[in-house]
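In case you want the letters, here they are:
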Amino acid sequence: MKNKRYSVLMSVYYKEKPIYLKESLESMLNQTIKPDEIVLVKDGPLTNELEQVINNYVHNSRLKVISIEKNVGLGRALNIGLENCSNEIIARMDTDDIAILDRCEKQLKILETNKEISVVGSGITEFIINPDNIIAYKEVKSTNGEIIKNMKFRNPINHPSVMFKKKDVMDVGGYKHFELNEDYFLWIRMSRKGYKFYNINEPLVKMRITNETYLRRGGIKYFKTQKKLFDYMLKNRMINIFEYLFNNCIRFILRVLIPNNIRKIIYLKILRKGKVNIVT
């Protein structure tokens, strides 16, 4: 296991905060089993401050920087990064989150002992400002059967926590542009081809959130893009008409009808295990 090679796939754009990027990179560089490369995609022009953070790591031979002239969005940027990853095993990481130091070691063990698994994710904790200020914990279903069943109704995999096999992801066409749901769409396409999933039901990634997180999870735009996912699932007989109607009714209420403060309570008290008060 100590010699297991893997790549880390990350994408950064101009709105990211430099200190967040630094903390995220450090959490991956200091893994108990270290990656032999980190592929960082610059999705369009960055601020001088972000460029300075990246320049501070240029001496590190493990960092491979891919520059895109203009912002193309997360799905397209990740697909470019995916093609530039040298290893068969790839760990995804967001540039504002923090990985627990043995995250990748635990995921590598799952892939090593369960050859049929293509994607392994984990639970996450959500924090405000300080990584120790944990306000919520998102549990996950562990087995492939539970994950596929859960996939009919919601995204069962925490994207910033995943480690996957490159060839299996590439086999379904890699990441596709699907605004706000690039990862969910990828898991759906992989499940159609029979690829298997697993989740480690413990928090291996600390995810940074603010009140704006709940604003982004609301609105007619979010509802419409998720409806497209359910249209695809219904067309391909992954869900039946009753599940389709149920999904869209719930999403319309949650994304469009209820105010942001109520949405926050629902996320924290029903969809997460956590507190309600959030300060920024």
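Residues numbered from 1 in each chain as written. Predicted model: local features only at pLDDT ≥ 70, side-chain atom pairs only at ≥ 80, totals over all residues. Heavy atoms only, no water.

**A word on the overall build of the protein chain**
Within the protein chain one finds 11 helices and 10 strands. Counting every position in the protein chain, which comprises 280 residues, the buried fraction comes to 53%. Taking the intrachain contacts of the protein chain between residues at least 6 apart in sequence as the baseline, contacts between residues at least 24 apart amount to 79%. Within the structure as shown, the protein chain displays about 13200 Å² of accessible surface, and the carbon and sulfur contribution to it stands at 54%. (Helix = DSSP H or I, 4+ residues; strand = E, 2+ residues; numbered from the N terminus. Buried < 20%, exposed > 50% of the residue type's maximum accessible area, 1.4 Å probe, protein only. Contact = heavy atoms within 4.5 Å. Areas by Shrake-Rupley, 256 points an atom, 1.4 Å probe, with all protein chains shown as cover.)

**Overview of the confidence of the model for the protein chain**
Per-residue pLDDT for the protein chain averages 89, and the proportion of residues at 70 or more is 88%. A low-confidence stretch, residues 274–280 (pLDDT under 50), is modelled with 23 contacts involving residues beyond four sequence positions or located in other chains. (pLDDT = per-residue confidence, 0-100.)

**Brief notes about the packing of aromatic side chains**
As enumerated under the stated definition, the model contains 6 aromatic pairs in all. Aromatic side chains tyrosine 13 and tyrosine 14 sit 5.7 Å apart centroid to centroid with 75° between the ring planes, which places their arrangement in the edge-to-face category. What makes tyrosine 13 partly exposed here is its relative accessible area of 35%. Among the residues examined, tyrosine 14 registers a relative accessible area of 44% and is labelled partly exposed. Taken together, the ring pairs connect Phe178, Phe185 and Tyr232 into an aromatic cluster. Over the ring of phenylalanine 185 we find arginine 189, and its NZ or CZ is 4.6 Å from the ring centre. The side chain of arginine 208 reaches across the aromatic face of tyrosine 20, ending 3.5 Å from its centre. (Phe/Tyr/Trp six-rings, centres within 6.5 Å; stacked < 30°, edge-to-face > 60°. Lys NZ or Arg CZ within 6 Å of the ring centre and 35° of its normal.)

**Here's the deal with the side chain of arginine 92**
Within the element layout of this structure, arginine 92 appears in strand 4 (residues 89–92). Taking relative accessible area as the criterion, arginine 92 reaches 0% and is therefore assigned buried. Within polar-contact distance, the side chain of arginine 92 engages the backbone oxygen of leucine 9 at 3.1 Å. Reaching out from arginine 92, the side chain makes a polar contact with the side chain of aspartate 94 at a distance of 2.5 Å. When neighbours within four sequence positions are excluded, arginine 92 is seen to be in contact with Leu9, Met10, Ser11, Leu78, Arg103, His159, Pro160, Val162, Phe164 and Tyr175. (Polar contact = N/O pair within 3.5 Å; in protein donor to acceptor, adjacent residues only side chain to side chain.)

**Let's talk about the nonpolar core**
Residues Leu9, Phe164, Trp187, Met190 and Phe197 are the most contacted members of the largest nonpolar core, which totals 35 residues. When residues of this core are traced back to their parent elements, those giving at least two are strand 2 (37–43), strand 3 (63–68), helix 3 (74–83), helix 5 (144–151), helix 7 (182–192) and helix 9 (220–235). In this structure phenylalanine 197 touches Ile117, Val119, Ser142, Thr143, Asn144, Ile147, Ile148, Met151, Ile157, Trp187, Met190 and Ser191, once residues within four positions along its chain are discounted. Core analysis: the second largest hydrophobic core is formed by 30 residues, Leu40, Val53, Ile54 and Met163 among them. (Core = buried A, V, L, I, M, F, W, Y, C linked by side-chain atoms within 4.5 Å.)

**A few points about unusual backbone geometry**
At isoleucine 129, a residue that is not glycine, the phi angle is positive and equals roughly 65°. Position of isoleucine 129 relative to the elements: it lies in the loop between strand 6 (117–127) and strand 7 (134–138). Residue classification places isoleucine 129 among the exposed positions, given a relative accessible area of 60%. Backbone geometry at leucine 180 places phi at a positive 75°, although glycine is not the residue there.

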